[in-house]
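# Structural overview
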Amino acid sequence: MGNHVGTVKLRKLVLILPLIGALWCDAAFARQVAGSYLAARQAGYLGDFEASALYNARVISRDRNNLRAMEDLVIAYVAMGRMASAINVAEVFQKNGAGSYFVHSVVLAEAVKKQDFRKVLELLDSEEAGRSFLLSALIKGWALAGEGRTEAAVAQFEKIAEDKNLSGFANYHKALLYLSKGDADFAETTLKTYFDGGGAATNRNLIALLHALMQQGKFDDAKEYFEASFGDRPSPALSELYQKILGRQKPNSLLVVDPRHGVAEVFLTVAQILSADDSDENTLMFARIAEFLREESTEATLLCGQILVDLEQFDIAAETFKKIPQDAPESLIAEIGRAEALSKDGRRDEAIDVLRDLTSKQPDAVVAFQELGDELRYSEQFEGAVGAYNTALEILDAQQRQNWVLYYSRGMTFERLDQWDKAEADFRMALKLQPNQPYVLNYLGYSLVEKKLKLDEALEMIELAVSLRSDSGYIVDSLGWVLYKLNRHDEAVGHLEKATELMPVDPIINDHLGDAYWAVGRKREARFQWRRALSFDPEEKDETRIRLKLEIGLDEVLIQESSAPTLSSAQND
């Protein structure tokens, strides 16, 4: 009997164990999917593309029908410039019959890359393509050209140009199409007709016109247009073009070689429009597609890098800027962008190394020495910073140019080195070059207050700075602080309260307000402000002083510092 019961129990246990195991595995599986899904959502919210790719890939590996994860994975891959991976996921996504503007854009780009313009035209008829009329309409023009239907392509651009708000884009791409076909005279006519009709002369339109003139050997006209638009001392990105005009040389390559490049220019154009208002994943996607379709387009890569900096994806930004060749005209901008990204990523030593290397390769680049000086100053390597600023100013002097920002930056560095006479001279030179510059007025005025020098002049400077930048918490704080130093405590309180409203988590401003409250007898409020200042992680020396004020009061601290108290210590709370 007992053995029979035991056998039955054993059989039941054998039957139940697989079910228990299955339930346990399902629960564990669900937890894993849920964890990856939540991590992916958080990464997407933070704009962390690497983490988004990692966790969305995990979600898909466990849930192959999760279309939301697939779409987010496509976005992350594109943002990182991993177009091949994005295309693979996009193809799986589309097989599920789902719609997505992001995925559609990637599939469209792949068709353009393969020069399958029949498929491109089919994709442009889909519902997703309707989300961006300008993008789709311009791409259609180039797709028609890709099928050998040049007249239809021209007609498409002319149809777009009927909308005055879009005529600039349409005529630009129409001119590019003519240039790609070797019809420089038609390109010239297109753009000049547009300009004569009151069209905006954007940089891209002007460059296209210059190329059209140069292709025809009209170098005198090209020189006149160039100097009227960009001057005779152009930026590094335009200097090569200017030198070719002066040397009467035709461009080495066409702005647009074929319809594939034309579509790349469409995506780049739209990305630049969007980036003027905001930098987000939409803008980055269009810029990355432009880069994908025309890998040699350093302009698209630069835009990608800058958008990534704006999105605080500094590591990816640094790698993106690094892709631009050292011999490219845009290499100066790219290396400065890379240094900025590294610095903001907390890799300041690497940023300094990049800038040192850049200054050795481009010893006449003022901006490179200026950026190097700034990074050295931020790193508190003040002697080195002064040397970099000195070199930049020497180059400017040789070029007979001036730059108030360099004097301002060097002045701040001299001030940190306790070389006040040199600092003040630089600040005043900056104001001579840029009168009423609010940040210089504020810095000089505040420094004079701290040094108890020329307080009346300092007050005038800071009042002027506040009138120019009343929304700056630092500048409003300076006005309150100089009034405090002049023992005009009641007036100081109002300005310092406004400064804390503008910058509520700044430790110095909260500390200043605490001192002003103490000076007018509002000691409980003073202690509250000092505690707030401590919560915002002040520098060590400021923290020590604030804690001492909380312990013994401001009056005793000032006595210890051999300074007269702001109020009689006998005054009660």
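Throughout, a residue's number is its position along its own chain's written sequence, starting from 1. Residue-level local features of this predicted model are given only where pLDDT is at least 70; pairs of side-chain atoms are given and counted only at 80 or more, and the full residue set underlies all totals for whole chains, interfaces and linings. For the side-chain quantities, the full set of heavy atoms in the structure was used; hydrogens and water were omitted.

Regarding its fold elements, the chain presents 31 helices and zero strands. Within the span of the chain, comprising 573 residues, buried residues form 49% of the whole. Sequence-distant contacts in the chain: of pairs separated by 6 or more residues, those separated by 24 or more amount to 52%. Every accessible area reported is derived by Shrake-Rupley at a probe size of 1.4 Å, with residue values counting cover from the shown protein chains alone. Surface summary for the chain: the accessible area is close to 28,500 Å², and the carbon and sulfur share equals 49%. A helix here means a DSSP run of H or I that spans at least four residues, while a strand means a run of E at least two residues long, and both kinds are numbered starting from the N terminus. Only protein chains enter the accessibility calculation, which uses a 1.4 Å probe; a residue whose area is less than 20% of its type maximum is buried, one above 50% is exposed, and one in between is partly exposed. Two residues qualify as a contact provided that any one of their heavy atoms is within 4.5 Å of a heavy atom in the partner residue.

Here the focus is the pattern of salt bridges. Any carboxyl oxygen of Asp or Glu that lies within 4 Å of a side-chain nitrogen of Lys or Arg is treated as forming a salt bridge with it. Scanning all chains against the criterion turns up 37 salt bridges. We note a salt bridge from E291 to R288, for which the minimum N-O separation is 2.9 Å. One end of the pair is E291 and the other is R288, both in helix α15 (residues 281-293) and three residues apart, which spans about a single turn. Residue E291 shares its accessibility class with R288, and that shared class is buried.

In this section: the packing of helix α9 (residues 167-180) against helix α10 (residues 184-196). Helix axes use the C-alpha atoms of the stretch in contact, all axes being lines fitted to C-alpha atoms, and the angles between their N-to-C directions lie in the range 0 to 180 degrees. One can describe the packing of α9 onto α10 by two numbers: an axis separation of 7 Å at closest approach and a directional angle of 165°. In this view, α9 runs roughly antiparallel relative to α10, as classed from their interaxial angle. Of the two possible hands of crossing, α9 and α10 adopt the one that is left-handed. Between α9 and α10, the contacting residues are S167, G168, N171, Y172, K174, A175, Y178 and L179 on the first element and A184, F186, A187, T190, L191 and Y194 on the second. Of the residues in the contact of α9 with α10, the class split is nine nonpolar, four polar and one charged. Should an angle fall under 35 degrees it is called roughly parallel, over 145 degrees roughly antiparallel, and 65 to 115 degrees roughly perpendicular, with every other angle called oblique. We call a crossing left-handed when the near helix sits turned anticlockwise from the far one by less than a right angle, and right-handed when that turn is clockwise. Residues are sorted three ways: Asp, Glu, Lys and Arg are charged, Ala, Val, Leu, Ile, Met, Phe, Trp, Tyr, Cys and Pro are nonpolar, and all the rest, Gly among them, are polar.

With that settled, the discussion passes to the side chain of E71. By the secondary structure assignment, E71 is in helix α3 (residues 67-79). When charges are counted, Lys and Arg contribute as positive and Asp and Glu as negative, whereas His and the chain ends are disregarded. The side chain of E71 is buried and forms no salt bridge, while R68, the nearest opposite charge, is found at 4.8 Å. Apart from the residues lying within four places of it in its own chain, the contact partners of E71 are F93, S100, F102 and V103.

On the secondary structure map, D477 appears in helix α26 (residues 473-485). Although buried, D477 forms no salt bridge, and the nearest oppositely charged side chain, K485, lies 11 Å from it. Counted as a polar contact is a pair of N or O atoms within 3.5 Å, where, for protein atoms, one must be capable of donating a hydrogen and the other of accepting one, and residues adjacent in sequence contribute only when both atoms are in side chains. Of note is the side chain of D477, whose polar atom sits 3.0 Å from the side chain of H512. What D477 contacts, discounting residues up to four positions off in sequence, is Y446, L496, A499, I509 and H512.

Take the packing of aromatic side chains next. Think of it this way: a Phe, Tyr or Trp ring, Trp meaning its six-membered ring, pairs with another when their centres are within 6.5 Å, and the plane angle makes it stacked under 30 degrees, edge-to-face over 60, tilted otherwise. For the structure on display, the rule yields 14 aromatic pairs. Ring plane angle 40° and centroid distance 5.8 Å describe the contact between F267 and F286, whose orientation is recorded as tilted. Of this pair, F267 sits in helix α14 (residues 259-277) while F286 sits in helix α15, and the two are 19 residues apart along the sequence. By the ring-pair criterion, three or more aromatic residues cluster together here, those being W404, Y408, W420, F427 and Y443. The positively charged end of K113 is found above the aromatic ring belonging to F292, 4.7 Å away from the centroid. Over the face of the ring belonging to W518 we find K523, whose NZ or CZ atom lies 4.5 Å from the ring centre. By definition here, charges over rings are those cases where NZ of Lys or CZ of Arg is within 6 Å of the ring centre and within 35 degrees of the ring normal.

The next thing to look at is helix α24 (residues 438-450). Helix length check: α24, at 13 residues, gives a terminal C-alpha distance of 18 Å against a target of 18 Å (1.5 Å per residue), a fit within 8%. Here the buried face of α24 lies against α22 (404-416), α23 (420-433), α25 (455-468) and α26. Its side-chain oxygen at 2.8 Å from the backbone nitrogen of Y439, Q437 defines the N-terminal cap of α24. Any helix carries an expected span of 1.5 Å times its number of residues minus one.

Moving on: the environment of A137. With respect to the element layout, A137 can be found in helix α7 (residues 133-146). A C-alpha to C-alpha distance of 8.5 Å links A137 and L124, two positions 13 residues apart in sequence.

Here helix α17 (residues 314-322) crosses helix α18 (residues 331-344) at 160°, and the two axes come no closer than 8 Å. Compared by their axis directions, α17 and α18 come out roughly antiparallel. α18 is crossed by α17, and the crossing has left-handed handedness. On α18, the residues that touch F314, A317, A318, F321 and K322 of α17 are A334, G337, R338, A341, L342 and K344.

The next thing to look at is helix α28 (residues 507-519). In this model, α28 (13 residues) spans 19 Å end to end at C-alpha, consistent with the 18 Å of a helix rising 1.5 Å per residue. Turning to α28, its buried residues are P507, I509, N510, D511, H512, L513, G514, D515, A516, Y517, W518 and A519. In the core, the buried residues of α28 are packed alongside α24, α26, α27 (489-502), α29 (523-535), α30 (540-552) and α31 (554-560). At the C-terminal side of α28, G521 shows a positive phi close to 90°.

Right, let's talk about the confidence of the model for the chain for a bit. Overall, the predicted model of the chain reaches an average pLDDT of 87, with 90% of residues at or above 70. In predicted models, pLDDT denotes the confidence assigned by the predictor to each residue on a 0 to 100 scale. Counted against residues more than four places away or in other chains, residues 1-30, with its pLDDT under 50, gives one contact.

Looking now at the environment of E383. For E383, the location among the structural elements is in helix α21 (residues 382-398). On the accessibility criterion, E383 (57% relative accessible area) is exposed. Separated by 30 residues in the primary sequence, E383 and T413 have C-alpha atoms spaced 8.2 Å apart. Excluding its chain neighbours within four sequence positions, the residues that come into contact with E383 are L417 and Q419.

So, on to unusual backbone geometry. Across the chain, the bulk of peptide bonds are trans and the bulk of non-glycine residues have phi less than zero. Notably, D418 is not glycine yet its phi reads approximately 60°, a positive angle. On the secondary structure map, D418 appears in the loop between α22 and α23. Not every positive phi belongs to a glycine, and K452 is a case in point at roughly 60°. If you trace the backbone, K452 turns up in the loop between α24 and α25.

Glancing now at the environment of L108. Structurally, L108 is set in helix α5 (residues 101-113). Sequence-distant contacts of L108, defined by excluding residues within four places in its chain, comprise V120, L123, L124, I139 and F267.

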